[in-house]
Amino acid sequence: MTKTKLALQPYLEIISELPNVNLPGMLDLGSTQQLIREHPALAPLLQTYLADRALGGQGGSIGDGRFDSNSFLTWVVELSRLRPSIADLETAPLLDPWCPIVEDDVPLLVGQVFGHPHLREGARVRTSPLMNLQPKSGWARSCNRFYRLGLYDPSFLKTLQKDGRLSTSAKLLRADRRS
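Residues numbered from 1 in each chain as written. Predicted model: local features only at pLDDT ≥ 70, side-chain atom pairs only at ≥ 80, totals over all residues. Heavy atoms only, no water.

Of all nine residues making up strand 2 (residues 106-114), seven are buried, and the element is well covered by its neighbours. As paired elements, strand 1 (residues 94-103) and strand 2 share eight bridges and run antiparallel to each other. In the sheet register, leucine 94 faces strand 2, and the bridge partner there is phenylalanine 114. Looking at chain direction, strand 2 and strand 3 (residues 123-126) are connected through four bridges and run antiparallel. Paired with valine 110 across the strands is arginine 126, a residue of strand 3. (Buried < 20%, exposed > 50% of the residue type's maximum accessible area, 1.4 Å probe, protein only. Helix = DSSP H or I, 4+ residues; strand = E, 2+ residues; numbered from the N terminus. Pairing = 2+ DSSP bridges.)

Tyr11 and Phe72 are the most contacted members of the largest nonpolar core, which has 46 residues in total. Beyond its immediate sequence surroundings of up to four residues, phenylalanine 72 is in contact with Ile36, Leu42, Leu45, Leu46, Tyr49 and Phe67. (Core = buried A, V, L, I, M, F, W, Y, C linked by side-chain atoms within 4.5 Å. Contact = heavy atoms within 4.5 Å.)

Let's shift gears to the packing of helix 3 (residues 42-54) against helix 4 (residues 69-81). Between helix 3 and helix 4, whose axes approach to 11 Å, the crossing angle comes to 100°. Relative to helix 4, helix 3 is oriented roughly perpendicular. Taken together, the residues of helix 4 that come into contact with helix 3 (itself represented by Leu42, Leu45, Leu46, Thr48 and Tyr49) are Ser71, Phe72, Trp75 and Val76. The residue inventory of the contact of helix 3 with helix 4, partitioned by class, reads seven nonpolar, two polar and no charged. (Axes fitted to C-alpha atoms, helices over the stretch in contact; angles between N-to-C directions. Parallel < 35°, antiparallel > 145°, perpendicular 65-115°, else oblique. Nonpolar A, V, L, I, M, F, W, Y, C, P; charged D, E, K, R; others polar.)

We now examine the pattern of salt bridges. Applying the stated rule across the entire model yields two salt bridges. Where arginine 126 meets glutamate 103, a salt bridge forms, and the shortest distance between an N and an O atom there is 2.5 Å. On the criterion of sequence distance, the pair formed by arginine 126 in strand 3 and glutamate 103 in strand 1 is long-range, its members being 23 residues apart. Across the salt bridge formed by aspartate 163 and arginine 124, the nearest N and O atoms sit 2.4 Å from each other. With aspartate 163 in the loop between helix 6 (155-162) and strand 7 (171-172) and arginine 124 in strand 3, this pair connects stretches of sequence that are 39 residues apart. (Salt bridge = Lys/Arg side-chain N within 4 Å of Asp/Glu carboxyl O.)

What follows is the structure, encoded as structure tokens:
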């Protein structure tokens, strides 16, 4: 399965499918915002974005739950294109084994984690939404952090499903976009 070795930036593909109704200088009457709020993969990412903004990240603090779709889409693009520094990778948690999946239309990674600042050593986890997967380079970016990647193991999905930790509708995410 050499196709799984290709870089994958699922959210760039997702946002490219949105109608371009938010051109610079044009007034967004809420149509793009509504599409984002209703999109099964973008809605969870939007919640992370709004929570971060409420805490003062992403260009300032807002607590009213509103958002500018252009700022949100810019944030998605920036996270999807962000590359780790050497220091980022030195401190990044390790997923070993791991595999990319789609659960409820949200791309993410599942794996056994080591060196995570908040999770138990060896815990079987699913990451926040997957922004960038570079298996050939040995790293991935979720919307919250970078991860180092150990052994790719597509059977890890079935293991978690068998244990009831993932829904049976979760599917393996492949670089050729067929899941």
